[in-house]
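# Commentary on secondary and tertiary structure
Residue strings, one per chain:
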Protein chains: 4
Amino acid sequence: MVTKTVGKNKQKAILTGTLALISERGFHDTPMSLIAQRSGVSTGIIYHYFENKDDLIHTLYQRIKQEFSAALLVGDPHELPWPDHLKLIWMNAYHYYITHPAETMFLEQYENSPYHLKWEEMPDENFTRLYALIEQDLAAGFMRPLPDPALYALTLGVASSLAKQQIEGTLKLSADQLAEIANAVCRAIAA
Amino acid sequence: MVTKTVGKNKQKAILTGTLALISERGFHDTPMSLIAQRSGVSTGIIYHYFENKDDLIHTLYQRIKQEFSAALLVGDPHELPWPDHLKLIWMNAYHYYITHPAETMFLEQYENSPYHLKWEEMPDENFTRLYALIEQDLAAGFMRPLPDPALYALTLGVASSLAKQQIEGTLKLSADQLAEIANAVCRAIAA
Amino acid sequence: MVTKTVGKNKQKAILTGTLALISERGFHDTPMSLIAQRSGVSTGIIYHYFENKDDLIHTLYQRIKQEFSAALLVGDPHELPWPDHLKLIWMNAYHYYITHPAETMFLEQYENSPYHLKWEEMPDENFTRLYALIEQDLAAGFMRPLPDPALYALTLGVASSLAKQQIEGTLKLSADQLAEIANAVCRAIAA
Amino acid sequence: MVTKTVGKNKQKAILTGTLALISERGFHDTPMSLIAQRSGVSTGIIYHYFENKDDLIHTLYQRIKQEFSAALLVGDPHELPWPDHLKLIWMNAYHYYITHPAETMFLEQYENSPYHLKWEEMPDENFTRLYALIEQDLAAGFMRPLPDPALYALTLGVASSLAKQQIEGTLKLSADQLAEIANAVCRAIAA
DNA sequence: CATGAATGAGATTTCATTCAT
DNA sequence: TATGAATGAAATCTCATTCAT
């Protein structure tokens with residue numbers, strides 16, 4: 001039982017090290033040996049926990065994506081009326097991004113590389129619940145009937161774009177400005 | 001006279017080959033030897049025109065960024081009143097993206113990699129003119145006083161996000177839907 | 001226990017292979033791939049033991065220099081009176097040179113290339129002891145008060161020069177001739 | 001006639017550039033392109049004046065060797081009695097070395113690389129005259145009957161060794177010290 | 001489970017030499 | 001003569017992956 005935990009810890013350490021390095025240096029320029037070093041493990045052991053480098057990176061992606069989807073549901077948006085649940089979700093996304101800079105940079109990098117086309121997206125329960133909520137809003141006529149990707153781009157896409165700039169230090173938003181942008185996002189898609 | 005341009009042609013061929021390969025395969029997985037082969041030149045000559053791989057990629061980025069900024073001004077948006085000039089610019093961006101899939105994928109990849117933080121952005125005359133137009137709209141009270149990056153995310157960011165999905169084949173927009181989205185974008189930032 | 005030393009053996013093999021090749025072919029014309037082949041190792045492992053080619057060559061130089069300095073003290077020259085200790089040291093140097101032709105050619109090549117100006121000389125205990133002995137001889141008035149480099153040139157420099165020619169096959173010295181030259185060297189610097 | 005001079009000038013420029021670069025950077029690390037640049041000529045033209053890189057380097061060596069041998073005879077040593085002519089030759093050598101640092105470094109490098117074994121030494125009239133003078137001294141019993149290479153090592157070898165150290169800045173000799181060393185050299189080989 | 005030396009294919013870059021102009 | 005773009009073989013170095021211990 002002790003060793004089981006050690007094993008999990010080691011796997012976690014590898015994922016953490018990989019995240020740190022890739023967010024700093026990019027996919028290229030992040031060799032396995034450096035990951036091992038940063039994670040405090042040997043090169044060989046990585047291949048015990050992951051099939052190969054691609055598998056390691058993809059696993060990391062899935063973990064982060066899952067963590068992100070869970071973060072979107074913080075505060076139980078399903079309990080709130082339109083448009084409050086939309087604003088909460090948007091704020092949750094934004095908050096996750098700026099409090100998880102490494103994860104954010106990694107996600108952006110991953111999703112914008114031809115890398116992620118090689119794998120199919122895993123189904124995720126939290127996203128399923130979110131899509132259901134959106135369907136309700138559409139059915140109730142609160143939201144304009146735009147294609148899903150358009151709704152995404154006009155909402156969470158904006159959040160990620162802004163967060164990225166804050167992380168890079170090229171933007172600083174006050175609470176008021178943030179609320180104002182959240183309103184703008186609502187205006188964009190509200191019926 | 002024809003032969004005088006051979007040199008430039010070769011440099012252009014290299015940039016074109018690089019663009020094609022990187023948009024298909026990513027930064028990693030695009031070796032110089034493959035670039036040479038695809039461009040129909042020898043490996044060595046690449047280093048005559050570019051200092052190294054980084055320089056090649058960055059130069060390519062600058063060229064595309066320039067081409068893009070020029071595309072935004074097609075149809076003389078400065079001559080149109082608010083909000084028509086905004087819509088024109090937005091449509092120009094969108095049009096550039098979907099008619100230049102390789103360039104789009106390259107731009108996204110480049111701007112989302114730690115790569116681009118190593119270089120400072122070049123000043124660009126077209127962007128300067130665009131910013132001036134935005135300042136006017138802000139001063140005239142047409143647009144909400146949001147920070148530049150927020151305005152960008154709510155407008156061109158949306159266009160790029162949508163275009164990317166169309167290129168990847170996960171989205172198809174009708175002219176009506178597109179116009180509807182352009183309206184949404186306007187609503188978002190209009191005062 | 002045998003296998004524990006495998007690592008060191010491999011490093012030694014690389015140094016030995018490098019020495020052989022460089023003494024035969026020179027710095028240029030000695031590619032890493034050839035070193036690997038001659039040493040019976042893979043190219044990659046060389047970079048496990050040495051940072052780069054420069055580091056490999058410089059490390060080899062240091063090892064040889066150390067071995068040489070140890071060879072100078074064979075027979076305990078400190079126990080002999082003037083000028084016998086000088087003659088012993090001189091003979092030791094000469095003997096080392098002609099019995100280590102590869103090392104000799106390497107040393108000469110290294111010390112006569114702009115290469116060695118990039119590194120600072122390591123302090124060496126044996127040389128320190130030799131300098132102390134020379135100081136004594138100077139203080140005792142046995143030797144003429146010439147600058148150290150001049151003393152070196154008039155003694156060991158002569159040994160190396162002669163050895164080099166013997167190695168190249170352009171000179172053959174009898175024991176008598178050698179003794180005669182050792183005397184000449186003594187005459188040159190004796191007070 | 002004008003162009004003939006230009007040609008010679010260009011060849012001279014190439015030799016001068018090569019000398020400067022090799023004395024600074026070594027045989028390796030001195031590419032043809034850099035030689036062209038430093039010499040103010042195009043890469044291609046070098047191959048008009050020299051067959052290849054080896055030929056260029058060997059030609060340079062011969063020129064310098066010739067210049068050096070001429071320098072040894074300055075002041076007409078043949079007119080002076082023993083041991084004055086020996087001292088004059090020795091001083092001539094020393095003087096040439098310290099006033100021609102690039103040439104000195106080049107010579108040393110060349111003669112200590114496996115390079116020079118590929119070519120046979122050219123006969124040189126000045127050296128022939130010098131050898132004749134030495135024969136006379138030997139026959140007259142002024143000099144000890146040591147092999148030629150030994151005589152060389154004990155005389156000019158010492159001069160070159162000292163000069164090299166002065167060039168590298170690790171030694172500074174006063175006129176007195178120099179005269180003292182010249183005396184030491186004479187003592188070494190005088191009967 | 002764990003290590004890290006070892007491999008070797010392949011990546012980037014260099015450079016002597018050629019040749020069209 | 002003169003240029004310098006062009007070639008491509010070869011050099012240096014990297015790195016994902018394996019495996020003996």
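Residues numbered from 1 in each chain as written. Chains lettered and ligands numbered in written order. Predicted model: local features only at pLDDT ≥ 70, side-chain atom pairs only at ≥ 80, totals over all residues. Heavy atoms only, no water.

### Some remarks on the overall build of chain A
Summing up its helical and strand segments, chain A has 10 helices and 0 strands in all. From first element to last, N terminus to C terminus, chain A shows the α and β order α-α-α-α-α-α-α-α-α-α. Counting over 191 residues, chain A shows a buried share of 50%. Within chain A, residue pairs in contact and separated by at least 24 positions form 72% of the contacts whose partners lie at least 6 positions apart. About 9,300 Å² of surface is accessible on chain A, with carbon and sulfur atoms providing 56% of the total. (Helix = DSSP H or I, 4+ residues; strand = E, 2+ residues; numbered from the N terminus. Buried < 20%, exposed > 50% of the residue type's maximum accessible area, 1.4 Å probe, protein only. Contact = heavy atoms within 4.5 Å. Areas by Shrake-Rupley, 256 points an atom, 1.4 Å probe, with all protein chains shown as cover.)

### Re the protein's contact with DNA strand F
Around DNA strand F, 29 residues are found, and the nearest of them are M32 of chain A, H48 and Y49 of chain B together with M32 and K53 of chain C. Among atoms of DNA strand F positioned within 4 Å of the protein, sugar and phosphate together represent 73%. Y47 of chain C places a side-chain nitrogen or oxygen 3.0 Å from a phosphate oxygen of DNA strand F. G44 of chain D places a main-chain nitrogen or oxygen 3.3 Å from a base nitrogen of DNA strand F. (Near = heavy atom within 4 Å. Polar contact = N/O pair within 3.5 Å; in protein donor to acceptor, adjacent residues only side chain to side chain.)

### Re the interface of chain A and chain B
Accessible area lost upon the coming together of the parts is a frequently used measure of interface size. Contacts between chain A and chain B engage 39 residues on the former and 39 residues on the latter. For the pair chain A and chain B, the two sides together bury roughly 2,900 Å², of which 66% comes from carbon and sulfur. Summed over the three residues of chain A that lose the most area to chain B, namely H28, N112 and R187 of chain A, the buried surface amounts to 20% of that side. Where chain A touches chain B, the interface holds 2 salt bridges. Across the salt bridge formed by R144 of chain B and E180 of chain A, the nearest N and O atoms sit 3.0 Å from each other. At the junction of chain A with chain B, the criterion picks out 7 residue pairs in polar contact (both at pLDDT 80 or more). Of all the elements, helix α10 (residues 175-189) of chain A adds the most residues to the side of chain A that touches chain B, at 7 residues. By residue class, the composition of the side of chain A that touches chain B is 20 nonpolar, 11 polar and 8 charged. (Buried area = accessible area lost by both parts, 1.4 Å probe. Salt bridge = Lys/Arg side-chain N within 4 Å of Asp/Glu carboxyl O. Nonpolar A, V, L, I, M, F, W, Y, C, P; charged D, E, K, R; others polar.)

### Some details on the interface of chain D and chain C
Counting from both sides, the interface comprises 39 residues of chain D and, opposite them, 39 residues of chain C. Interface area, chain D with chain C, both sides summed: about 2,900 Å², of which 66% is carbon and sulfur. Among the residues of chain D in contact with chain C, H28, N112 and R187 of chain D are the three that bury the most area, contributing 19% of the side total. Linking chain D with chain C are 2 salt bridges.

### Details of the side chain of D124 of chain D
All names here are of chain D. Counting through the fold element by element, D124 comes out in the loop between α6 (101-111) and α7 (125-139). Within the buried set, D124 has no salt-bridge partner at all; the shortest N-O distance to an opposite charge, 8.8 Å, is to K65. Among the polar contacts listed, one links the side chain of D124 to the side chain of S69, at a separation of 3.1 Å. (Lys, Arg positive; Asp, Glu negative; His and termini not counted.)

### With respect to the relation of the copies chain A and chain B
Least-squares fitting of chain A to chain B yields an RMSD of 0.1 Å, with the transformation described by 0.0 Å of translation along the axis and a rotation of 179°. Such values leave the two copies arranged in the relation of a two-fold axis. No C-alpha of chain A approaches the rotation axis more nearly than that of A188 of chain A, which lies at 2.3 Å. Comparing contact sets, 100% of the residues at the interface of chain A also lie at the interface in chain B, consistent with an isologous, same-surface contact. (Least-squares fit on C-alpha atoms with pLDDT ≥ 70 in both.)

### Here we look at the relation of the copies chain D and chain C
One copy of the chain maps onto the other through a rotation about an axis followed by a shift along the same axis. In the superposition of chain D on chain C (RMSD 0.1 Å, axial shift 0.1 Å), the rotation amounts to 179°. Interface residue correspondence from chain D to chain C reaches 100%, placing this contact among same-surface, isologous pairings.

### What to know about the protein's contact with DNA strand E
Contacts to DNA strand E come from 29 residues, most closely from M32 and K53 of chain B, H48 and Y49 of chain C together with M32 of chain D. A share of 72% of the atoms of DNA strand E within 4 Å of the protein falls on sugar and phosphate groups. The side chain of Y47 of chain B places a nitrogen or oxygen atom 2.9 Å from a phosphate oxygen of DNA strand E. Elements with a minimum of two residues in the surface near DNA strand E: α1 (2-25) and α3 (43-49) of chain A, α3 (43-49) of chain B, α1 (6-25) and α3 (43-49) of chain C together with α3 (43-49) of chain D.

### Re the environment of L154 of chain C
For L154 of chain C, the position within the fold is in helix α8 (residues 148-154). Put simply, L154 of chain C and V185 of chain C are 31 residues apart on the chain and 6.5 Å apart in space, counted from C-alpha to C-alpha. Ignoring sequence-local partners within four residues, the contact set of L154 of chain C consists of L146, V185, A188 and I189 of chain C together with V158, A184 and V185 of chain D.

### As for the arrangement of the chains
A gap remains between chain A and chain D, which never touch, and the nearest two C-alpha atoms on either side lie 28 Å apart. Contact between chain B and chain D is absent, and the minimum C-alpha spacing across the pair is 12 Å.

### Quick word on α6 of chain D
For an α-helix, 3.6 residues make a turn, and residues three or four places apart therefore share a direction. For α6 of chain D, a buried count of 8 out of 11 residues is recorded, marking the element as mostly surrounded by other parts of the structure. Among all positions of α6 of chain D, only E103, T104, M105, F106, L107, E108, Q109 and Y110 of chain D are buried.

### Details of unusual backbone geometry
Residue P83 of chain A follows W82 of chain A across a cis peptide bond; omega there is -5°. Mapped onto the elements of the fold, P83 of chain A is located in the loop between α4 (53-72) and α5 (84-99). With a phi close to 55°, D76 of chain B is a non-glycine residue in the positive phi region. By the secondary structure assignment, D76 of chain B is in the loop between α4 (53-72) and α5 (84-99).

### Focus on the packing of α5 of chain A against helix α6 (residues 101-111) of chain A
Residue and element names in this part refer to chain A. The contact between α5 and α6 brings their axes to 5 Å, and the two run at 100°. As the angle between them shows, α5 and α6 are arranged roughly perpendicular. In this structure, α5 contributes Y96, Y97, I98 and T99 to the contact, and α6 contributes P101, E103 and T104. Tallied by class, residues from the contact of α5 with α6 come to 4 nonpolar, 2 polar and 1 charged. (Axes fitted to C-alpha atoms, helices over the stretch in contact; angles between N-to-C directions. Parallel < 35°, antiparallel > 145°, perpendicular 65-115°, else oblique.)

### Thoughts on the pattern of salt bridges
What the rule picks out here adds up to 26 salt bridges over all chains. Within this structure, K65, E111 and E121 of chain A form a network of salt bridges that share partners.

### Regarding the environment of L19 of chain A
Residue and element names in this part refer to chain A. Assignment of secondary structure puts L19 in helix α1. Residues L19 and L60 lie 41 residues apart in sequence; the distance between their C-alpha atoms is 7.5 Å. If we skip the residues at most four places from it in the chain, L19 touches L60, I64, A102, E103 and F106.

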